[in-house]
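Structural characterization, general
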Amino acid sequence: MTRPQPELVITGLGLVLPCGDGVAAARASLASGQPCFADLPAALGQGRGAACTAFNPAGIIPPMQLRRLDRPSRFAWVAAHQAFLDAGLDPKPAGERIAVAVGTMTGGSEASEAFMRPYLQRGPEGASPMVFPNCVANAASGHLALAFGLKGPSATFVDRENAAFVALEQAARWLRAGLAEVALVIGTDGLFPVLQDLCLGARLLDRHGDPEIGSGRGFLTGEGAQAFLLEPRARAEARGARPWALLRGLAARSSVAPSEAARAESLAAAVLALGAFSPAFRIGGGNGLTRLDAVEARLAAAHPEWPDVIHPKVLWGELAGSGGPLLAAALLQPAGPVLVTAPASSGVQFAAHLEALRPDP
Amino acid sequence: MTASRVVITGLGIVSSLALDREGTWSAMLEGKDGLGPLTRLDLPAEPAQIAGQVPMAPARHQTLCECMALAALEEALDGFRPGGDPARIGLFQGAGTSGLPVAEAYLEERLAGRRGRAAETSYQSPCTVTDALAQRVGSTGPRSTVMNACSSSLLALGQAWERIVTGELDLAVAGGAESLCRTTYAGFSCLKAVDAQKCRPFSRDRAGLNLGEGAVQVLLEPLDRARARGATIYAEVLGYGASMDAHHPTAPHPEGEGAARALAMALRVGGLDAADIDLVSAHGTATPANDGAECLAIRRALGPAADRVSVTSTKSQFGHTLGAAGAFGAAAAILALRAQVVSPTLRLEDPDPLCDLDCTPLQAKERQIRAALVNAFAFGGNNTSLLLKRWGGA
């Protein structure tokens, strides 16, 4: 049996980022190069980070439902809303043919803390049946299904820094297998106190409050969601959609050992698996922590011909969508081939080749 | 891409019944259950004190999930040393609680004003188990850790099938592991979803689930490679289906609408008709909402053929193993296909009229089993069904 491999395009983009909601805010942030780090609100944890303080779900999430959602679900809902609007696609009539793939490093964790804190302090009386359903990582996909009437396949991945890439890969697979016609790919993360406390205790955070690639000082956390509507190019063209980008390739390689050298080799193999091309733009997943930066630096040293790299994580923080911000930054580049390299602290290293299709506004 | 036939060549089980596959299967057929007094967690204020516990203890710096998953993988490998291109070996795991017990301990320490072990806690992400398994088989290929709540590990099996059938991989390890923890125990308890007695799937008086722990790991290979190395073939994987209910954050669609679509998709993808199915290894949680809706879903998907299928629920033996539950259901179906015996649904003495299928009450049942569907449903309205076929040597 031979299966045709349809080209896939991203026709809808929705962004909730520490720099603000929407594409314009993200473009401005990338253009300015100004990091979004500030002292976090006490409710999100101690120290500095990139919180979505301007996040505004008014008019999008009904107030009654807003109360029941954890932060990753709220962000994902608004980002998905933007993406469907951007793509000119009404999801409800086609719900059974729309899949959802989510990548998140923190999904369910904020709710788990909110659930367990009173339970540990007060016992069963402190346990809230309202909070517990959000303790699962796939809470966001369930809320999205309800909000937009999505009834196709769904999966939530938790593969550390690159969970959104795993989600994109799975979504592409469902489309190519004909199990869905459109896939909503989401990267989403929310900050919460224990996360910040853990990162601080594990000495992962940049104590200068200003992460810098190659400094080895560490990263700062961030939050937000990115939504990408993926569909076959022929379908998108037939309905007159204006794609953001063509997904030319997505490759993943892992290493048996978690050493820096082994992970660098895996990332290089992932890039090689994309095939030969000359990127006009490059997005990197370095975050200020040697564990990731060194892997990318080794790769760049072997490719002096590559263009300068943009590092979204030093603007919007680590997490912030578990790889989603890298994909978003790639889509916002002027028309041309974009290479995304996404190192991970363990597990799978990803590389993506996207052909950005919209000219710089 | 050329489609390969996908077969299961290894199966490892660590359960509350036994720490190995054959011990677990024998006990299942004998009508034993692995449910007993809850001792792993000290939760005296919880009304339910029953769980399916695995008598294993993890090594230092290891979670119980990792410990059980590695043991299950070892049994699945059965001495096989995967060779060839390591980039063509993939790992697909479904996770549930995973490192949550470590995180709970950290939070408890912090609430008590102590420092806690932040570095260790931050290391114990759900993909830590996936990485450990990958290291064991020397994989440099794809890995993913799916957290779809209670359908996680069945979807992981589906992912593994996808990669083999398209010829991308030569070997995939798929499965899941789950350990008891306070968050899930307290959570299901506060939802009034836990039965203080041993659970009774499909019964008129069913009152909820019991929680359980364990691990199942499955090896999947292309048929030609499995034959070439003379591997034992347990069953063939034909495909899977997945859907969302878009109905309620925790409750299933009352008429099983979304679940029926997952079942129908699995049949369509696998190219079988409803009449080809002899067994459904059900989600069967014993919650009032699930079992009736699931039986309706089976009827919707299979039509009149539903009256000829056997249905069974592993929850009656192991409790609900959450992230690993789908893999446990798959294991029961794989072994049933091999032995041509359906494991029983225990304590099913007074069937619910809503569950008007042959739910294999009390005793194992010998019968012809040509193909089986496995169900796993989850919070968020996530449904997955896997389609398996008896391996007849052709």
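Residues numbered from 1 in each chain as written. Chains lettered and ligands numbered in written order. Predicted model: local features only at pLDDT ≥ 70, side-chain atom pairs only at ≥ 80, totals over all residues.

**A closer look at the sheet that holds strand β7 (residues 211-212) of chain B**
Residues and elements named next belong to chain B. Formally: In this description, strands pair whenever DSSP reports at least two bridges between them. Put simply, DSSP H or I for four residues or longer makes a helix, DSSP E for two residues or longer makes a strand, and each gets a number counted from the N terminus.
The 3 strands lie next to each other as β2-β3-β7, forming an open sheet whose pairing is mixed. Each edge of the open sheet carries a strand with a single partner, namely β2 (35-37) and β7. Of the pairings in the sheet, the one linking β2 to strand β3 (residues 50-52) comprises 3 bridges and is antiparallel in character. Of the residues in β3, the one forming a bridge with proline 37 is isoleucine 50.

**Overview of the packing of helix α4 (residues 109-122) of chain A against helix α7 (residues 182-190) of chain B**
To characterise two packed helices, one gives the angle between the axes of the helices and the distance between these axes. Where we set the bar: Note on geometry: axes are lines fitted to C-alpha atoms, helical ones only across the stretch in contact, with angles between N-to-C directions running from 0 to 180 degrees. Throughout this description, any angle smaller than 35 degrees is read as roughly parallel, any larger than 145 degrees as roughly antiparallel, any in the 65 to 115 degree range as roughly perpendicular, and the remainder as oblique. Here contacts are defined at the residue level, using C-beta atoms placed from the backbone and a cut-off of 7 Å between them.
Taken N-terminus to C-terminus, the directions of α4 of chain A and α7 of chain B make an angle of 85 degrees; their axes are 10 Å apart at the nearest point. As summarised for this structure, α4 of chain A and α7 of chain B are arranged roughly perpendicular, according to the angle between their axes. Residue-level inspection shows Ser112, Phe115, Met116 and Tyr119 of chain A of α4 of chain A in contact with α7 of chain B, the latter providing Arg182, Thr183, Ala186 and Gly187 of chain B.

**Notes on the confidence of the model for chain B**
Short version of the rule: You can read pLDDT as the predictor saying how much it trusts each residue, on a scale of 0 to 100.
Summary statistics for chain B give a mean pLDDT of 96 and a share of 99% for residues scoring 70 or more. In the predicted assembly, ipTM is 0.97 and pTM is 0.98.

**Notes on the pairing of strand β14 (residues 336-342) of chain A**
The side chains of a regular strand alternate, first on one face of the sheet and then on the other. Residue and element names in this part refer to chain A. Filter applied, for reference: Three exposure classes are used, all based on how many other C-beta atoms lie within 10 Å of a residue's own C-beta (placed from the backbone): buried at 20 or more, exposed at 12 or fewer, and partly exposed between those limits.
By the criterion of burial, β14 is predominantly enclosed, with 5 of the 7 residues buried. Note that strand β11 (residues 281-284) and β14 share 4 bridges and pair parallel. Residue pairing in the sheet places arginine 282 in a bridge with leucine 339 of β14. Pairing analysis gives 7 bridges linking β14 to strand β15 (residues 348-356), with the strands arranged antiparallel. Note on β15: the bridge partner recorded for glycine 336 is alanine 356. The hairpin formed by β14 and β15 contains 5 residues between the paired strands, and glycine 347 there has a positive phi angle of roughly 75 degrees.

**Looking at unusual backbone geometry**
Residues and elements named next belong to chain B. Non-glycine residue aspartate 78 carries a positive phi angle of around 50 degrees. For aspartate 78, the location among the structural elements is in the loop between α2 (64-77) and β4 (89-95). For aspartate 78, a count of 14 C-beta atoms within 10 Å puts it in the partly exposed group. The backbone of arginine 347 sits at a positive phi, close to 60 degrees, despite the residue not being glycine. With respect to the secondary-structure elements, arginine 347 resides in the loop between β12 (341-342) and β13 (365-366).

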